[in-house]
Amino acid sequence: MNNNLERTGECKTCGECCKKVRITSVLSHIIEQHGSIEEAGKYYSYRGINIAMVHEESDRVLLEIGIPCDRLAEDNGCLVHGSPDKKPLICDRYPWFTDDIETCGYSFTRKKHDSLKWF
Ligand code: SF4
Ligand code: SF4
């Protein structure tokens, strides 16, 4: 978690963080490949991939793909919750940054000035 952010709240089991795949990529590599982040966004959008966040300071891009986790239960519970060998570590850590999921029961306050929105 970003040390400048303090997390409060709890999981409301809305399931929204389990309904998309999120992949972190390197902004400078994407620009090298595609010419610009806008060009990359066009290429990705034809394949159902959305650019969720661009952070120039940390040279990172967060990509989102609308593929839900197959361990998500109908009631939005996690079928592998409580099984450390099966539940991905990132799921236990989530959320560790200010996200854009409005139904999430967690919120963050900034401990000191920091321009980072995530990570
Ligand atoms: S493993 Fe569980 S917590 Fe992680 S994305 Fe899948 S359903 Fe959600
Ligand atoms: S988005 Fe937040 S409240 Fe919803 S399931 Fe994920 S951690 Fe829980």
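A few points on the structure. Not measured: the values here are computed from a predicted model.

### Re the packing of helix H1 (residues 27–34) against helix H2 (residues 37–45)
- Two numbers describe how H1 lies on H2: the axes approach to 8 Å, and their chain directions differ by 80 degrees. Taken together, the axis directions place H1 and H2 in an arrangement best described as roughly perpendicular. Residues Leu27, Ile30, Ile31 and His34 of H1 form the contact with H2, whose participating residues are Ile37, Glu39, Ala40 and Tyr43.
- Broken down by class, the residue content of the contact of H1 with H2 amounts to six nonpolar, one polar and one charged.

### Some points on the site of ligand 1
- In the region of ligand 1, the neighbouring residues are Cys18, Cys69, Arg71, Leu72, Cys78, Val80, Lys87, Pro88 and Cys91.
- Here the residues of the shell around ligand 1 sort into seven nonpolar, no polar and two charged.

### A closer look at the site of ligand 2
- In the vicinity of ligand 2, 14 residues are found, and the nearest of them are Cys11, Lys12, Cys14, Cys17 and Cys104.
- Of the residues that constitute the shell around ligand 2, the class distribution is eight nonpolar, four polar and two charged.

Criteria and cut-off values
- Residues numbered from 1 in each chain as written.
- Chains lettered and ligands numbered in written order.
- Predicted model: local features only at pLDDT ≥ 70, side-chain atom pairs only at ≥ 80, totals over all residues.
- Axes fitted to C-alpha atoms, helices over the stretch in contact; angles between N-to-C directions.
- Helix = DSSP H or I, 4+ residues; strand = E, 2+ residues; numbered from the N terminus.
- Parallel < 35°, antiparallel > 145°, perpendicular 65-115°, else oblique.
- Contact = placed C-beta atoms within 7 Å.
- Nonpolar A, V, L, I, M, F, W, Y, C, P; charged D, E, K, R; others polar.
- Near = placed C-beta within 6 Å.

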